[in-house]
Protein chains: 2
Amino acid sequence: MRQSELFTKTRREAPADEVAKNAQLLIRAGYVHKEMAGVYSYLPLGLRTLNKIVEIIRQEMNAIGGQELFMSALQDKELWSRTDRWDDAKVDNWFKTTMKSGGETGLGITHEEPLTRIMTSHIASYRDLPARAYQFQNKFRNELRAKSGIMRGKEFLMKDLYSFDASEEAHETFYAAARDAYVRVFDRVGLGDRTYVTFASGGIFSEFSEEFQTVSDAGEDLIYVDEEKRLSFNKEVLTDDVLAKFGVDRANLVEKKAIEVGNIFHLGTRFSEALGLTFKDEQGADKPVVMGSYGIGPTRLMGTIVEALSDEKGLVWPEEVAPFAYHIVSLGNDDAVSATADALYEKLSGAGVEVLYDDRDLRAGEKFADSDLIGIPKRIVVGKDAAATGMFEVVNRATGAVLKKTADEILA
Amino acid sequence: MRQSELFTKTRREAPADEVAKNAQLLIRAGYVHKEMAGVYSYLPLGLRTLNKIVEIIRQEMNAIGGQELFMSALQDKELWSRTDRWDDAKVDNWFKTTMKSGGETGLGITHEEPLTRIMTSHIASYRDLPARAYQFQNKFRNELRAKSGIMRGKEFLMKDLYSFDASEEAHETFYAAARDAYVRVFDRVGLGDRTYVTFASGGIFSEFSEEFQTVSDAGEDLIYVDEEKRLSFNKEVLTDDVLAKFGVDRANLVEKKAIEVGNIFHLGTRFSEALGLTFKDEQGADKPVVMGSYGIGPTRLMGTIVEALSDEKGLVWPEEVAPFAYHIVSLGNDDAVSATADALYEKLSGAGVEVLYDDRDLRAGEKFADSDLIGIPKRIVVGKDAAATGMFEVVNRATGAVLKKTADEILA
């Protein structure tokens, strides 16, 4: 796309009340707009990036048998009362509102309850199991403080997957597959080396749940990492018994700040028993379905990538999540330069390569500063030299490394 | 996909409280789940269909220069107060709620206000115009009565596009292009022949706006159609002056029930003046931006397609919006039949054709009834004959026409 046609502009300063680095950079680069504290809109560059993250997660969820659906945000009070999660004394971050048609409703904070109820219409027999359903859907949480930019919003995109199995064993097998899929997601978005599977409290039905924690100074959590063993623990499970079980010496643990980018959880039969989701087994006996839940917030993940990888000049996107693969920057308003840059843009975009083309009539310094801020992985500089020789400077945003290439070499 | 793995099942009866034909059929076929009156979740078949509709609209919006973004549902009371659309006495369908961080917020009923404010950060000069931005985003409206299934939800998906131009003339040119794009959308989803551009009241800034009305007994609107001239009018503009202007004789108008599936609207400078969205023109003078808004509800459109095209046996999807192109139905649990059906499924899906394969061990009558209900455009029957001869019956869901084809002929 031609940058002269992109409706967003960069800006020198973020809003004065924005304290999170991720939101400051994303706002300055024109990726997001801050509506209110903890509420952000995604502008074209931001939506492109978010959609790249969503598509990676979708592929990995489909690969483990996930079927995509889309549930409502408006929630049925009666349903949530049956699992005792409606009362503000029990769950303190509902947005609740009144329906003109009568009664209260709330905005979905998570979706175990509605999906379990949906499944009572579709699961009756062991033959109907397993089932794995997931969605990308905006959740709402009435946060008192929202100071972490897009990492903790009052409204945020969540991928939530839920598993339904006939037995604990079948559940455990899927849970392990989901853990592996999560590892692949964080690898693919460029955070694999700094993201740790972290043992956390498991609730009633299991000893542990697992969190995926990305080490970052912007983290709100503390984790305790044994680097050599690549094992990590949340404070709540840091007992001598647990350490002994994993053969970890407390002296080897290093405390790190981290951002929780995902979690996987054994739900057991808590929701299926409360909401009547049972199946007939091969002997005809009624049994409650065994469930699990698996969350990744794509918007939080996008903020985490910014916190982890950006530098003093701006955003730095890994290739798999960048809004464009290349940023062509033409220098000067020389006709030969424009013709060369136009031709390169047509050649690359005609071949299906995603290119942002800064065709604006601005000074070189301003265009380079914008390009650094926007953070596309590779910048192709088109000046008089390139127009004369057909050799383009290709600059790697992350490393600063420069290669000289012809158009055909770039395309290859 | 193999139907044995699809987690949804069909059902004989819709919920007793569901009075709309579209929701009755979609629930029975496993496309949607009713959460509450006017609130529906989209199950895998329903989401596939909805995404097909979304993608058609996206293509047509991109083709007229639309740039996609995604705004928040949570709205800033102060912003809406400035256009006098916060007060319940002025706008009566807000869902409002209280933030723990202080103050009230509401769930977006439409997005003129936030987008106009966003644009004040990006539009400063005539050089920054035009801009066309759109989104697919869930709107919330606190409907007192919600009896039209997915055609009128308390929560529903909307495509809303907004245009920003430097002059009335530039706006009119884009408005005409948007009208043409809308005509293409309704053609592509299979409703072109029964959808009329209908003149309606234009508000302060223009004589008319235009509604796209699809003729249907389930419609909540009445339109007045001159069939010969393909002109249609809303009751509010049905004056002698208007008829004279279009050369229409009142005696030739036929009253029809119709569903409003889209609308395009001149906003003039109402929002830009109220919210300070101005630009410097070529002479350096400050002028308010001229705006337009353009809406299509993909969920309502999906419901309209059901109302218009379904029959007594179930759903009937046009090819462009069907969740799958083919429905392979195997008959009996004969090994040769299974092998033949498996091979056909692998061949078609391997070639990128979208196929639902009913591989379940059920009676033929039950499988045919399910297939009719689900409404995939073409059914391929695989019985002993097909296994023996390699000739498959391909049945057209809409017409009932039957063709005999080999696997290669189907693929071609």
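Everything numeric here is computed off the predicted structure, so don't read it as measured data.

How each quantity is defined
- Residues numbered from 1 in each chain as written.
- Chains lettered and ligands numbered in written order.
- Predicted model: local features only at pLDDT ≥ 70, side-chain atom pairs only at ≥ 80, totals over all residues.
- Helix = DSSP H or I, 4+ residues; strand = E, 2+ residues; numbered from the N terminus.
- Buried ≥ 20, exposed ≤ 12 C-beta atoms within 10 Å, placed from the backbone.
- Contact = placed C-beta atoms within 7 Å.
- Pairing = 2+ DSSP bridges.
- Axes fitted to C-alpha atoms, helices over the stretch in contact; angles between N-to-C directions.
- Least-squares fit on C-alpha atoms with pLDDT ≥ 70 in both.
- Domains from an automatic or database assignment.
- Nonpolar A, V, L, I, M, F, W, Y, C, P; charged D, E, K, R; others polar.
- Expected span 1.5 Å × (residues − 1).
- Parallel < 35°, antiparallel > 145°, perpendicular 65-115°, else oblique.
- Left-handed = near helix turned anticlockwise from the far one by under 90°.
- Core = buried A, V, L, I, M, F, W, Y, C linked by C-beta atoms within 7 Å.
- pLDDT = per-residue confidence, 0-100.

**Let's talk about the overall build of chain A**
The secondary structure content of chain A amounts to 12 helices and 21 strands. Across its three principal axes, chain A shows a C-alpha extent of roughly 80 × 60 × 45 Å. Here chain A holds 412 residues, and the buried ones make up 50% of them. Taking the intrachain contacts of chain A between residues at least 6 apart in sequence as the baseline, contacts between residues at least 24 apart amount to 69%.

**Things to note about the sheet that holds strand E4 (residues 74-76) of chain A**
All names here are of chain A. In spatial order, the strands read E4-E6-E5; together these three strands make up an open sheet with antiparallel pairing. The strands lining the two open edges of the sheet, one partner per strand, are E4 and strand E5 (96-98). The sheet shows a mean angle of 45 degrees between the axes of neighbouring strands, taken without regard to direction. As defined by bridge partners, E4 adjoins strand E6 (residues 104-107) across three bridges and the pair is classed as antiparallel.

**Comments concerning the relation of the copies chain B and chain A**
By a simple turn and slide, chain B fits onto chain A: the slide is 0.0 Å along the axis, the RMSD is 0.0 Å, and the turn is 180 degrees. The transformation relating the two chain copies, once decomposed into turn and shift, fits a two-fold axis. Ranked by how close their C-alpha atoms come to the rotation axis, the residues of chain B are headed by Thr97(B), at 2.7 Å.

**Side note on the sheet that holds strand E20 (residues 392-396) of chain B**
All names here are of chain B. Strand order in this open sheet of five strands is E18-E17-E19-E20-E21, and the pairing throughout is mixed. The sheet is open, and its two edges are formed by strand E18 (355-358) and strand E21 (402-405), each paired on a single side. With strand direction ignored, the average angle separating the axes of adjacent strands in the sheet is 25 degrees. In the sheet, strand E19 (residues 378-382) pairs with E20 via four bridges, with the strands oriented antiparallel. What sits directly across from Ile380, in E20, is Val394. Each of strand E17 (326-330), E18 and E19 is contacted by helix H9 (residues 335-350), which is oriented at about 165 degrees to E17, the strand it contacts most. Strands in contact with helix H10 (residues 364-374) are E17, E18 and E19; relative to E17, the strand with the most contacts, it is inclined by about 170 degrees.

**Considerations on the domain arrangement of chain A**
Looking at the assigned domains, one finds that chain A contains domain 1 (21-309) and domain 2 (324-411). Put simply, the middle of domain 1 of chain A and the middle of domain 2 of chain A, counted by C-alpha atoms, are 40 Å apart.

**Side note on unusual backbone geometry**
Residues and elements named next belong to chain A. Leu129 connects to Pro130 through a cis peptide bond whose omega is 0 degrees. Inspection of the secondary structure puts Pro130 in the loop between helix H4 (112-120) and strand E7 (131-140). Although it is not a glycine, Asp84 adopts a positive phi angle of roughly 60 degrees. Assignment of secondary structure puts Asp84 in the loop between helix H3 (77-82) and E5.

**Looking at the interface of chain B and chain A**
Each partner contributes residues to the interface: chain B has 43 residues there, and chain A has 44 residues. Where the side of chain B that touches chain A is concerned, the elements lending two or more residues are strand E1 (32-36), strand E2 (39-42), helix H2 (44-63), strand E3 (67-68), strand E4 (74-76), strand E5 (96-98), helix H4 (112-120) and strand E7 (131-140) of chain B. No other element matches the four residues that E2(B) contributes to the side of chain B that touches chain A. Classifying every residue of the side of chain B that touches chain A by side-chain character gives 22 nonpolar, 11 polar and 10 charged.

**Section: H2(B)**
Helical periodicity: at 3.6 residues per turn, an α-helix aligns residues three or four positions apart in one direction. Residue and element names in this part refer to chain B. Between its terminal C-alpha atoms H2 stretches 28 Å, which fits the 28 Å expected from 20 residues at 1.5 Å a residue. Within H2, 14 of the 20 residues are buried, which leaves the element mostly enclosed by the surrounding structure. Where H2 terminates, the next one or two residues include Gly65, which has phi positive at roughly 90 degrees.

**Quick look at the environment of Leu356(B)**
Residues and elements named next belong to chain B. When you line up the elements, Leu356 lands in strand E18. The buried category is assigned to Leu356, around which 25 C-beta atoms lie within 10 Å. Spatially, the C-alpha atom of Leu356 lies 38 Å from that of Ser293, the residues being 63 residues apart in sequence. Once you skip the residues sitting within four places of it in the chain, Leu356 turns out to touch Met1, Gln3, Phe324, His327 and Ile376.

**A short note on the packing of helix H2 (residues 44-63) of chain A against helix H5 (residues 168-188) of chain A**
Residues and elements named next belong to chain A. Running from N to C, H2 and H5 point in directions that differ by 155 degrees, and their axes come no closer than 10 Å. Of the possible angle classes, the one that applies to H2 and H5 is roughly antiparallel. Along this stretch, H2 crosses H5, giving a crossing that reads as right-handed. On the side of H2, the interface is formed by Ile56, Ile57, Glu60, Met61 and Ala63, while H5 contributes Ala181, Arg184, Val185 and Arg188. Taken together, the residues of the contact of H2 with H5 break down into six nonpolar, no polar and three charged.

**Here we look at H10(B)**
Residues and elements named next belong to chain B. Those residues of H10 that fall on the buried side of the exposure criterion are Lys367, Asp370, Ser371, Asp372 and Ile374. On its buried side, H10 packs onto H2, E17, E18 and E19. Where H10 ends, the next residue or the one after it, Gly375, has phi of about 80 degrees, a positive value.

**Re the nonpolar core**
Ranked by size, the top nonpolar core spans 228 residues in total, and within it Ile328(A), Val382(A), Ile328(B) and Val382(B) carry the most contacts. Apart from residues lying up to four places away in sequence, Ile328(A) is in contact with Ala341(A), Leu344(A), Tyr345(A), Val355(A), Tyr357(A), Asp358(A), Ile380(A) and Val382(A).

**Some points on the pairing of E6(A)**
Residues and elements named next belong to chain A. The pairing of E5 with E6 spans three bridges and is antiparallel. When the bridges of E6 are listed, Thr98 appears paired with Glu104. Counting the residues in the hairpin turn of E5 and E6 gives five residues, including Gly102, whose phi is positive at 115 degrees.

**A look at the packing of helix H1 (residues 21-28) of chain B against helix H8 (residues 298-309) of chain B**
Residues and elements named next belong to chain B. Their axes nearest at 8 Å, the elements H1 and H8 cross at an angle of 95 degrees. Considering the angle they form, H1 stands roughly perpendicular to H8. From H1, Lys21, Asn22, Leu25 and Leu26 reach across to H8, where they touch Gly303, Val306 and Glu307. Taken together, the residues of the contact of H1 with H8 sort by class into three nonpolar, two polar and two charged.

**Points about the confidence of the model for chain A**
Predicted confidence across chain A gives a mean pLDDT of 97, with 100% of residues reaching 70 or more. In the model output, the complex is listed with pTM 0.98 alongside ipTM 0.97.

**Points about the pairing of E19(B)**
All names here are of chain B. In terms of burial, E19 is largely enclosed, as five of its five residues are buried. Side chains Lys378, Ile380 and Val382 project from E19 onto one buried face, and the interleaved Arg379 and Val381 project onto a second face that is buried too. Bridge analysis of E17 against E19 gives five bridges, and the strand direction is parallel. Each residue of the ladder has a partner; that of His327, found in E19, is Arg379.

**Focus: the environment of Ser167(A)**
Residue and element names in this part refer to chain A. When you line up the elements, Ser167 lands in the loop between strand E8 (155-165) and H5. For Ser167, a count of 15 C-beta atoms within 10 Å translates into the label partly exposed. Here the alpha-carbon distance between Ser167 and Gln213, two residues 46 residues apart in the chain, equals 29 Å.

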